[in-house]
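Per-entry structural report
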Amino acid sequence: MNNKIDVRNFNFYYGDFQALDNINLAIREKQITALIGPSGCGKSTFLRSLNRMNDEIASARAEGEVLLDGKNIYADGVDVVELRQHIGMVFQRPNPFPQSIYDNVAFGPRVLGQARKNTLDDIVVQSLQDAALWDEVEHRLHNSALDLNPGQQQRLCIARAIAVKPDVILMDEPCSALDPVATLSVEDLMHRLAETYTIVIVTHNMQQAARASHYTAFFWLGKLIEFQETRKLFMSPQEELTESYISGRRG
Amino acid sequence: MTRQNMNKLMIGMVSLVATIVVIPIVLVIIYVVYNGIGAINWEFLTAAPRNGMREGGIMPALLGTVFLTFGTAIVSFPLAIAAAIYLAEYAGDNMLTRWVRLAIVNLAGIPSIVYGLFGLGAFVLFWNLGTSIIAGSLTLGVLTLPVVISTAEEAILSVPQSFRTVSLSLGASRWQTIRHQVLPHAMPGIITGIILGLGRAAGETAPILFTVAAFYLPELPKSIFDQTMALPYHLYVISTQVPDMPLSNQYGTALVLLMIVFSMTLVATVIRTNMRRRREW
């Protein structure tokens with residue numbers, strides 16, 4: 001199996017504070033990799049380093065390499081805007097734009113220069129189908145996205161992300177604002193999406209990591225403690241820290 | 001006195017004192033309307049002044065103020081939006097930004113007569129525009145910048161950060177994000193700021209004194225390089241410079257000016273209320 005993303009000797013700082021300490025991690029193509037760990041352990045920072053969203057924070061500084069398909073995304077001259085077309089992101093709270101369902105999905109393709117109505121229509125339909133939302137919205141594409149329930153909104157956000165045809169989808173606790181039923185529908189969706197996309201998901205919920213991912217990385221105080229196939233990490237963790245965290249004795 | 005009674009007393013007192021704020025504005029309006037309403041008729045609004053401005057109407061001054069307001073909008077709108085976008089979206093926390101902010105705060109505190117002298121020096125003489133609508137509009141435009149920039153910046157900052165984050169994460173550039181996700185949602189607030197700024201500009205006398213306003217010019221301007229009469233200056237002239245001026249004319253002029261400024265504030269308020277009600281996030 002190929003490594004889609006290869007992180008090498010990666011350090012990350014907010015001002016003087018070191019948020020990530022020498023991370024080495026390989027993310028496999030078309031697999032779901034979960035990042036777990038207590039609040040403040042650096043897992044969200046790590047996720048946001050993968051599409052350089054942390055660049056938006058003035059005091060932030062990165063060292064080391066993140067190779068996407070073998071190319072370092074932190075190298076000089078990398079176009080961050082273009083990079084983000086290849087790495088989509090889904091956020092903690094469902095955050096559709098206060099526009100129609102159609103315009104939400106079409107936003108990405110439009111800013112990338114797609115103006116033909118027929119093509120846009122096709123992309124919108126395809127993305128909504130892929131995000132398992134089409135059946136629920138096909139008759140109200142031009143209604144406000146804010147009329148959807150939270151679970152539908154989050155699937156809309158996923159549709160919006162895949163409309164620009166990324167290779168990788170980053171998910172930052174995508175289910176933390178959803179009820180259990182909506183959470184399961186998003187997890188189902190993730191499994192189907194993993195046939196096409198490489199998925200990295202931050203989660204607070206260890207059951208979710210255990211249920212929904214192929215690989216799990218455990219972060220603690222800015223360090224990557226253990227990275228394993230999910231089954232192995234939960235059944236027979238190699239590190240004592242991992243074991244005490246997943247068994248609830250720590251964290 | 002018990003705590004409860006003290007409480008009632010204090011509530012009563014601050015309410016009473018607060019109503020005092022309302023009294024002057026109400027009195028001004030009543031006074032001006034009472035004295036001026038008699039002068040308002042079709043001729044007053046549509047005729048040029050006659051007989052040393054003692055008779056006829058105020059049409060050239062009224063239209064002059066309308067032209068100047070439009071001119072001010074054209075000057076102020078692009079400058080203020082650009083400055084507000086810079087401050088809200090691009091400016092880092094650095095020396096330049098702090099200086100720009102300090103400048104805006106101080107611009108707001110400059111007396112309007114100083115703007116008038118600046119306009120005379122910069123636009124009328126140095127740029128050689130002469131006393132003209134364009135020189136007056138530029139001067140009033142600069143005068144309105146602080147209030148328009150501040151309200152526009154506030155409107156831009158009130159757009160939720162998540163819109164920007166999402167837009168960037170979808171591969172939109174910074175500018176596309178501003179253009180398609182920030183400005184559309186900030187626009188009602190920006191327009192409110194512009195109208196408030198224009199309301200102030202429409203009523204100013206000192207900045208137009210040396211830059212555009214004509215003492216007596218019954219014809220309408222033919223181009224933006226002509227002088228024009230304007231309501232605030234006309235009011236000043238007929239109140240202080242013309243002997244035997246009928247009082248009702250002065251109050252009539254004041255009433256028209258007041259109505260223009262009030263209606264602009266009203267429109268701004270309506271837009272803002274409407275926007276708040278429609279806002280969905």
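Residues numbered from 1 in each chain as written. Chains lettered and ligands numbered in written order. Predicted model: local features only at pLDDT ≥ 70, side-chain atom pairs only at ≥ 80, totals over all residues. Heavy atoms only, no water.

What follows covers the sheet that holds strand S2 (residues 17-28) of chain A. Strand order in the open sheet made by the four strands is S2-S1-S4-S5 (chain A), with antiparallel pairing throughout. Looking along the sheet, the strands with just one partner apiece sit at the ends: S2 and strand S5 (71-72) of chain A. (Pairing = 2+ DSSP bridges. Helix = DSSP H or I, 4+ residues; strand = E, 2+ residues; numbered from the N terminus.)

Bringing the nonpolar core into the picture now. Most often, soluble globular proteins have nonpolar side chains that are buried together. Membership of the largest hydrophobic core comes to 99 residues, with the highest contact counts inside it found for Val7(A), Phe46(A), Leu50(A), Ile156(B) and Ile190(B). Looking at this core, the element that brings in the most residues is helix H6 (residues 133-157) of chain B, giving 12 residues. Excluding residues that lie within four positions of it along the chain, Val7(A) makes contacts with Ile23(A), Asn24(A), Leu25(A), Phe46(A), Leu50(A), Glu65(A) and Val66(A). One finds Leu120(A), Ile201(A), Ala212(A) and Trp220(A) within the second-largest nonpolar core, a separate group that totals 47 residues. (Core = buried A, V, L, I, M, F, W, Y, C linked by side-chain atoms within 4.5 Å. Buried < 20%, exposed > 50% of the residue type's maximum accessible area, 1.4 Å probe, protein only. Contact = heavy atoms within 4.5 Å.)

Glancing now at the interface of chain A and chain B. Interface size is commonly expressed as the accessible area that is lost once the parts come together. Facing 23 residues of chain A, the contacting portion of chain B comprises 18 residues. Both faces combined, the contact of chain A with chain B buries some 1,700 Å², and carbon together with sulfur accounts for 66% of it. Between chain A and chain B we count one residue pair in polar contact (both at pLDDT 80 or more) in total. For the side of chain A that touches chain B, the secondary-structure elements that each account for two or more residues are helix H2 (80-86), strand S6 (87-90), helix H3 (101-111) and helix H6 (150-162) of chain A. Partitioning the side of chain A that touches chain B into residue classes produces 13 nonpolar, seven polar and three charged. (Buried area = accessible area lost by both parts, 1.4 Å probe. Polar contact = N/O pair within 3.5 Å; in protein donor to acceptor, adjacent residues only side chain to side chain. Nonpolar A, V, L, I, M, F, W, Y, C, P; charged D, E, K, R; others polar.)

Here we come to the confidence of the model for chain B. All names here are of chain B. When pLDDT is averaged along chain B, the result is 92, and 99% of the positions lie at 70 or above. Taking the mean pLDDT of every element in chain B, the minimum, 86, falls on strand S2 (residues 55-56) and the maximum, 95, on helix H5 (residues 112-126). Complex prediction metrics read pTM 0.84 and ipTM 0.90. (pLDDT = per-residue confidence, 0-100.)

Residue and element names in this part refer to chain B. Tallied over the entire structure, the rule returns three cavities of 30 Å³ or more. The calculated volume of the largest cavity comes to roughly 50 Å³. Lining of the largest cavity is provided by Phe44, Pro49, Met53, Glu55, Gly56, Gly57, Ile58, His234, Ile238, Met245, Asn249 and Thr253. At the level of secondary structure, the elements contributing two or more residues to the lining of the largest cavity comprise S2, helix H10 (231-240) and helix H11 (247-278). (1 Å grid on protein atoms, 1.4 Å probe; cavity = no way out; pocket = protein on both sides within 12 Å on 5 of 7 lines; lining within 4 Å. Points joined across faces, edges and corners; volume = space filled by probe spheres on them.)

So, about the packing of aromatic side chains. All names here are of chain A. If you walk through the whole model with that rule in mind, you get 14 aromatic pairs over all chains. Each ring, one from Tyr215 and one from Phe227, has its centre 6.0 Å from the other, and the planes form 35 degrees; the classification is tilted. Taken together, the residues Tyr215 in strand S9 (residues 215-220) and Phe227 in strand S10 (residues 223-229) connect sequence positions 12 residues apart. Judged by relative accessible area, Tyr215 falls into the buried class, the value being 10%. For Phe227, a relative accessible area of 24% corresponds to the partly exposed category. (Phe/Tyr/Trp six-rings, centres within 6.5 Å; stacked < 30°, edge-to-face > 60°.)

The strands making up a sheet are joined through hydrogen bonds of the backbone, oriented either antiparallel or parallel. Residues and elements named next belong to chain A. Ordered in space as S6-S7-S8-S3-S9-S10, the six strands form an open sheet in which the pairing is mixed. This sheet does not close on itself; its edge strands, each paired only once, are S6 and S10. When the angles between neighbouring strand axes are averaged without regard to direction, this sheet yields 20 degrees. Bridge count for S6 against strand S7 (residues 168-172) is four bridges, and the pairing is parallel. Its bridge partner lying in S7, Gly88 is registered against Ile169. Packed on one face of the sheet, helix H7 (residues 180-193) meets strand S3 (32-36), S7 and strand S8 (198-202) and runs near 150 degrees to S8. (Axes fitted to C-alpha atoms, helices over the stretch in contact; angles between N-to-C directions.)

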